[in-house]
Amino acid sequence: MPQHSRIAAVLGPTNTGKTHYAIERMLGYRTGVIGLPLRLLAREVYDRIVAARGPSVVALVTGEERIVPPRTQYWVCTVEAMPEGMGADFVAIDEIQLCADPERGHVFTDRLLRMRGTHETLFLGSDTMRGPIAGLVPGVEFVRRERMSQLVYAGSKKISRLPARTAIVGFSIDNVYAIAELLKRQKGGAAVVMGALSPRTRNAQVELYQNGEVDYLVATDAIGMGLNLDIDHVAFSSLTKFDGRRMRPLQPNELAQIAGRAGRGMSHGTFGVTGEAGPIPDEWVEAITSHSFTPLKKLNWRNADLRFGSIAALETSLDASPADDRLSKAREADDLRALRALSGETEVMARATDPASVKLLWDVCRIPDFRGISNAEHASLLGVIFGHLHQVGHVPDDFLARQVKRIDRTDGDIDTLSKRLAYIRTWTYVAQRRGWVQDEDHWRDATRAVEDSLSDALHAALTQRFVDRRTSVLLRRLKQKEALLAEVNDQGEVTVEGQFVGRLEGFRFRQDKDATGQEAKTLRQASVQALTPHFHLRADRFYNAPDTEIDYTEQGGLMWGDQAVGKLAKGDDPLKPRVVAFVDDEAGPDVAQKVERRLQHFMDRKIAALFEPLVKMRDDEALTGLARGFAFRLVEAMGVIPRAEVADDVKALDQDARGALRKHGVRFGQYTIFMPLLLKPAPTRLRLVLWSLANGLDIFPEAPPPGLVTVPNVQDVPDQHYTLAGYRKAGQRSIRIDMLERLADMLRAEDSRAGFEAKADMLSITGMTLEQFADLMGGLGYRAEQGERTKVKPADAVVQPETGEQVAGAATQLPEDTPVMDVAAETAPALEPGAEETPTPADVAEPVAALEDEGEAPVSAEPAEVTDAASNEAVVAETPEEEILPGTAPDEALAGAETEVFYTFTWGGNRGNNRGGQRRGAGGGKPRRDAAGGDRPRGERGDRSGGGGKGKGPKGKGGKGPKGDRDRGPKNFESRPPRKEKQIDPDNPFAAALMGLKDRS
């Protein structure tokens, strides 16, 4: 070494620029070597020097990484990997106080004693090293560096109250992960830095923190070794650590080394504790803030003058004790433990018999235990590697390929990826050693590629687990107090600054359910701020939307497309419900009022359109007296009311009042008083909603599907609900009231005393089988007697040769297996002879017909053909294969006589409302109440079996029988006083017959 070589110890606390000073000094020389404590720090310094001088003259040598250009001038290394005997102009050792470290201290002590530059040597570290360096290094020059910023103790704080740009230090992986999870929920996430991470993963995590994507860093004490980060506060989550052998408390100088990361450059920093860590003693705080610590007395040392004559000689040299009192023998390190484990194996002892073999064995034993497994497993792996190197001079390619391929997978969680990274680091170390593999470039690239892919996967896994990018981005923008940009797509998904935050349903924001705690508050705050203009734009679009885009549900909800925007509530008038808009408070009162007004306009128009006949009748001032009172009752019942409930009112109405009501579309049926136009699906659906609101129901009854003539009765459903839906209970099923009135018209023509059978038209309009029809008739008050008889074949019918008509008495019966078809007829029928209703007057028919039909009309219709409600096409009943079609010859096996079931129906109900009236067909011309409560004249038909008189021909128009029938039957006498004769209703289908009787009297 030249006499003018400078040896200096640059000592001082953290944030004094010591490392920067060493780099500047090294670049002033032609060649230089700098040793650093961590591969992470080595990579950081390497990048800085490459940026200054280019990659062609800078080498990076660590245990797992070796980048050595041919024209290398500057070597950046970990302390263990520093090349010896190069004669570089400049040599620097950073963090020289690690000479006292129990695990690695002997390496730093060796560099302190033996590494020198030909022109300059620098030792960088803490003031605690002044004494040992002065005693062990003759002629050393001391340079004192003062901290460029102040370091202040901030005490204890909860993690939720830690300021931004904070590094939280943990001393175990589990502790680091737990803190990062908590920060994700409360602060949007944190970057994770640990010494076990690869440089690529570590740099990616640090970048998250440095560029502001997250404001918190969770790290082990690895950040205390010279890593330069923008940290304002350091919080210790614990004051104890496991040093590889035992749990021990951290010393003040160790705390100061980590706390000194806060406040870089001229920025002041703070430190404190958090979580379960107790307070730092006052005397320690004073020592840390004043940078005054107990000087080190002894340094760890291990003999560097090794003897390789045999394994025993090597162990003896490693066990040598220091001659200087300022040095203490280092405890057994991992490499020495591995050597002693392998020296007990017979195969290893047989191979290591010469100095070269022993030196090779020692080099293999120095492979770090990256995997962190047991000593025995680590020694076993080293024995395999030594065997390959000793036997063939290198690790076989096929063996190394199998090991690398087994690790080259990027699936799995954080722990799995971390283990694979530790495994690949072993083979990366092997590939970096000169002469240990055949194709060094190939295997260095291969192992590096696997490490890089695993590093990227680990970074992604750490970010996914510990960083909520959504919350971190929104928090950052909120702190910047800038206007947030929100977007709402066609599906209602809301993104703020590109981050999904929830959905906009109508005028209510539904926040993402995955967000909880502080994250949820942040999302809500950012979303409300960003969505305010969207609420106003959406309200304007809704206000101008056509009614076709708005609808109500059967439970009183109000929908805009598929989004709920409000609901109906009970109002003062059943036909005037209130509207409650669903609008977030954050949208503002203007938006809420606009939405509410639009919904109210929609409902008012909907009720006016669907209930136009009812509204016109209610507002008709020409209705007076009993007619007006009856109209009021009908409005209260919303257009459908059972006749039994208003029997007395109906009886009290004169023909003028009835005519006035009929002009508004009111039909006086035998069972129900109703307005046919209000039986359409759309008015029926609205009627159920309005009635449910007016009566305060929690669950609204729903209308049956449109087009069904009968529906099954559901237990516990009130009769009134069926009435409102346009049906009447009868047996096990309910029949639509307009079709029931058609059936009643047919039943008038039958003799209920002698009994009658169901006609094909009766079964057709109800869509029932004979058995179902019998049950229906039982529900209407008829008795059904079942019988059997010989089935009349179609070929047996007597046909007149000229006219082709069947002779009376040979009518064909419907097959027993007629399928059930609960399908409504689509077209309005001509009135049956004898029916009560007459065509609607022209002045009423035209405006009624002009009403918009919003669904299939459940109006009485003549079922000329049964139609399918879904397809509106005629349904053709398929004939089973075994059925004998008309006109075909019967099969021989069915040649015998067949029987069929038939029912005879007779009236069996109580004629309580008839006031002693006679049975049907008993004669007489005075109108009386029939079984169903409808109005019809007595004696409109004779007995089918009796006939009699001149009445042999068919009925004439209006249902009037032959003239001879008018004189048949007993006369009726009443004891009640004579009452004022009413005018004969011109709408009554028997008006002509009644007028004739009146004239004759």
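Residues numbered from 1 in each chain as written. Predicted model: local features only at pLDDT ≥ 70, side-chain atom pairs only at ≥ 80, totals over all residues. Heavy atoms only, no water.

**Some details on the sheet that holds strand 25 (residues 563–573)**
Short version of the rule: Any two strands between which DSSP finds at least two bridges are classified as paired. Only DSSP runs of H or I reaching four residues or more are called helices, and only runs of E reaching two or more are called strands; each is numbered from the N terminus. Orientation is described by lines fitted to C-alpha atoms, with helices fitted over the stretch in contact, and by angles between N-to-C directions that extend from 0 to 180 degrees.
Overall, antiparallel pairing links the 4 strands, which are arranged 23-24-25-26 in an open sheet. Sheet topology places strand 23 (550–552) and strand 26 (576–581) at the edges, where each strand pairs with a single neighbour. Shown here is a sheet whose adjacent strand axes are inclined to one another by a mean of 30 degrees, direction ignored. Where strand 23 meets strand 24 (residues 557–560), 3 bridges bridge the pair, whose relative direction is antiparallel. If you follow tyrosine 552 over to strand 24, its bridge partner there is leucine 558.

**Some details on the packing of helix 20 (residues 612–619) against helix 21 (residues 625–636)**
The criterion, for reference: Each helix crossing is assigned a hand: it is left-handed if the near helix lies turned anticlockwise from the far helix by less than a right angle, otherwise right-handed if that turn is clockwise. Here a residue-residue contact requires only that any non-hydrogen atoms of the pair lie within 4.5 Å. Gly falls in the polar group here, along with every residue not listed as nonpolar (Ala, Val, Leu, Ile, Met, Phe, Trp, Tyr, Cys, Pro) or charged (Asp, Glu, Lys, Arg).
Packing of helix 20 against helix 21 brings their axes to within 9 Å, and their N-to-C directions diverge by 145 degrees. Here the hand of the crossing between helix 20 and helix 21 comes out left-handed. Of helix 21, the residues touching helix 20 (which contributes Leu614, Met617 and Arg618) are Arg628, Ala631, Leu634 and Val635. Grouping the constituent residues of the contact of helix 20 with helix 21 by class yields 5 nonpolar, no polar and 2 charged.

**Quick look at the pattern of salt bridges**
Pairs can form between side chains of opposite charge once their charged atoms are near each other. For the record, the criterion: Salt bridges, as used here, are contacts in which a Lys or Arg side-chain nitrogen is within 4 Å of a carboxyl oxygen on Asp or Glu. Burial status follows relative accessibility: with a 1.4 Å probe on protein chains alone, a residue under 20% of its type maximum counts as buried, one over 50% as exposed, and anything between as partly exposed.
The tally for this structure, following the rule as stated, stands at 51 salt bridges. Between aspartate 745 and arginine 748 there is a salt bridge, and its shortest N-O distance comes to 2.5 Å. Note that aspartate 745 and arginine 748 are positioned in helix 26 (residues 737–748) at a spacing of 3 residues, about one turn of the helix. We note that aspartate 745, like arginine 748, is buried. Each of Arg6, Arg25, Glu120 and Glu141 takes part in a single network of salt bridges with overlapping partners.

**Here we look at the confidence of the model for the protein chain**
For clarity, the cut-off: Per residue, pLDDT captures the predictor's confidence, and it can take any value from 0 to 100.
Looking at the protein chain as a whole, its pLDDT mean stands at 79, while 76% of the residues score no less than 70. Per-element averaging of pLDDT across the protein chain places helix 29 (residues 842–849) at the bottom with 36 and strand 6 (residues 90–93) at the top with 97. This stretch, residues 798–895, has a pLDDT under 50; its non-local contacts, to residues over four places away or in other chains, come to 164 contacts. Every residue in residues 910–977 scores below 50 in pLDDT, and together they form 113 contacts with partners more than four places removed in sequence or on other chains.

**What about helix 8 (residues 282–290)?**
Condition: The directions considered for the arc run from the helix axis to the C-beta atoms.
Here helix 8 has its buried residues at Val285, Ala287 and Ile288. Buried positions in helix 8, seen along its axis, are confined to an arc of 165 degrees and lie on one side of it. Set apart from the buried face of helix 8 by more than 90 degrees, the exposed residues are Asp282 and Glu283. Residues of helix 8 that are buried make contact with strand 9 (151–156), helix 7 (252–259) and strand 16 (269–273). Looking one or two places after helix 8, you find histidine 291, whose phi comes out positive at around 60 degrees.

**Structural notes on the sheet that holds strand 32 (residues 733–736)**
Reading across from one edge, 30-32-31 is the order of the 3 strands in this open sheet, with antiparallel pairing throughout. Strands with a single pairing partner mark the edges of an open sheet, and in this sheet they are strand 30 (710–712) and strand 31 (727–730). Pairwise comparison of adjacent strand axes, ignoring direction, gives a mean angle of 30 degrees for this sheet. Across 4 bridges, strand 31 lies against strand 32 in antiparallel orientation. Opposite lysine 729, over in strand 32, you have serine 734 as the bridge partner.

**Thoughts on unusual backbone geometry**
Trans is the common state for peptide bonds, and a negative phi is the common state for residues other than glycine. Of note, the phi angle at arginine 165 is positive, near 60 degrees, even though the residue is not glycine. Mapped onto the fold, arginine 165 is located in the loop between strand 9 and strand 10 (166–169). A relative accessible area of 16% places arginine 165 in the buried class. We note that histidine 291 has phi near 60 degrees; this positive angle belongs to a residue other than glycine.

**Examining the pairing of strand 2 (residues 32–36)**
Along any regular strand, the residues point their side chains to alternate faces of the sheet. A large share of strand 2 lies buried, amounting to 5 of its 5 residues. Burial of strand 2 is two-sided: the residues Gly32, Ile34 and Leu36 facing one way and the residues Val33 and Gly35 facing the other way are all buried. Inspection of the sheet shows strand 2 paired to strand 6 by 4 bridges, in the parallel sense. Bridged to valine 33 within strand 6 is valine 91. Both strand 2 and strand 5 (residues 74–78) contribute to a ladder of 5 bridges, which runs parallel. Each residue of the ladder has a partner; that of leucine 36, found in strand 5, is threonine 78.

**A word on the packing of aromatic side chains**
To keep it simple, the criterion reads: Side-chain rings of Phe, Tyr and Trp (the six-membered ring for Trp) are treated as a pair once their centres are within 6.5 Å; stacked means planes under 30 degrees apart, edge-to-face means over 60, and tilted covers the remaining angles. Charge over a ring is defined by NZ of Lys or CZ of Arg lying within 6 Å of the ring centre and within 35 degrees of the ring normal.
Using the criterion set out here, one finds 14 aromatic pairs in the structure. Geometrically, the ring pair formed by tyrosine 153 and phenylalanine 271 is tilted, given 5.2 Å between the ring centres and 50 degrees between the ring planes. One end of the pair, tyrosine 153, is in strand 9; the other, phenylalanine 271, is in strand 16, with 118 residues separating them in the sequence. Taking 6.1 Å as the distance between ring centres and 10 degrees as the angle between the ring planes, the aromatic pair formed by phenylalanine 507 and tryptophan 560 counts as stacked. Of the two residues, phenylalanine 507 is situated in the loop between strand 21 (499–505) and strand 22 (508–511) and tryptophan 560 in strand 24; the sequence distance between them amounts to 53 residues. Exposure remark for phenylalanine 507: the relative accessible area of 0% places this residue in the buried category. Here the aromatic residues Phe756, Phe773, Tyr782, Tyr903, Phe905 and Trp907 are joined through ring pairs into a cluster of three or more. A cation over a ring is seen here: lysine 359 above phenylalanine 308, with NZ or CZ 6.0 Å from the ring centre. Just above the ring of phenylalanine 902 sits the side chain of arginine 789; from NZ or CZ to the centre is 4.3 Å.

**Brief notes about the nonpolar core**
Generally speaking, nonpolar side chains in soluble globular proteins are found buried as a group. The condition that has to hold: Here, nonpolar core means buried Ala, Val, Leu, Ile, Met, Phe, Trp, Tyr and Cys residues that are tied together by side-chain atoms lying within 4.5 Å of each other.
Phe507, Leu558, Phe611, Met617, Leu661 and Ile673 are the most contacted members of the largest nonpolar core, which has 65 residues in total. Every residue in contact with phenylalanine 611, bar those within four places of it in the chain, is listed here: Leu575, Leu678, Pro683, Leu686, Arg687 and Leu690. The next biggest cluster of nonpolar side chains, apart from the first, holds 63 residues, and it includes Val176, Ala180, Leu336 and Phe466.

**Side note on helix 7**
Among the 8 residues of helix 7, 6 are classified as buried, and the element is accordingly described as predominantly covered. Residues of helix 7 that are buried in the fold lie against strand 9, strand 10, strand 13 (233–236), strand 16 and helix 8.

**So, the pairing of strand 6**
Burial along strand 6 is two-sided: the face carrying Phe90 and Ala92 and the face carrying Val91 and Ile93 are both buried. Relative to strand 7 (residues 120–125), strand 6 is paired through 4 bridges, and the arrangement is parallel. Along strand 7, the bridge assignment pairs alanine 92 with leucine 122.

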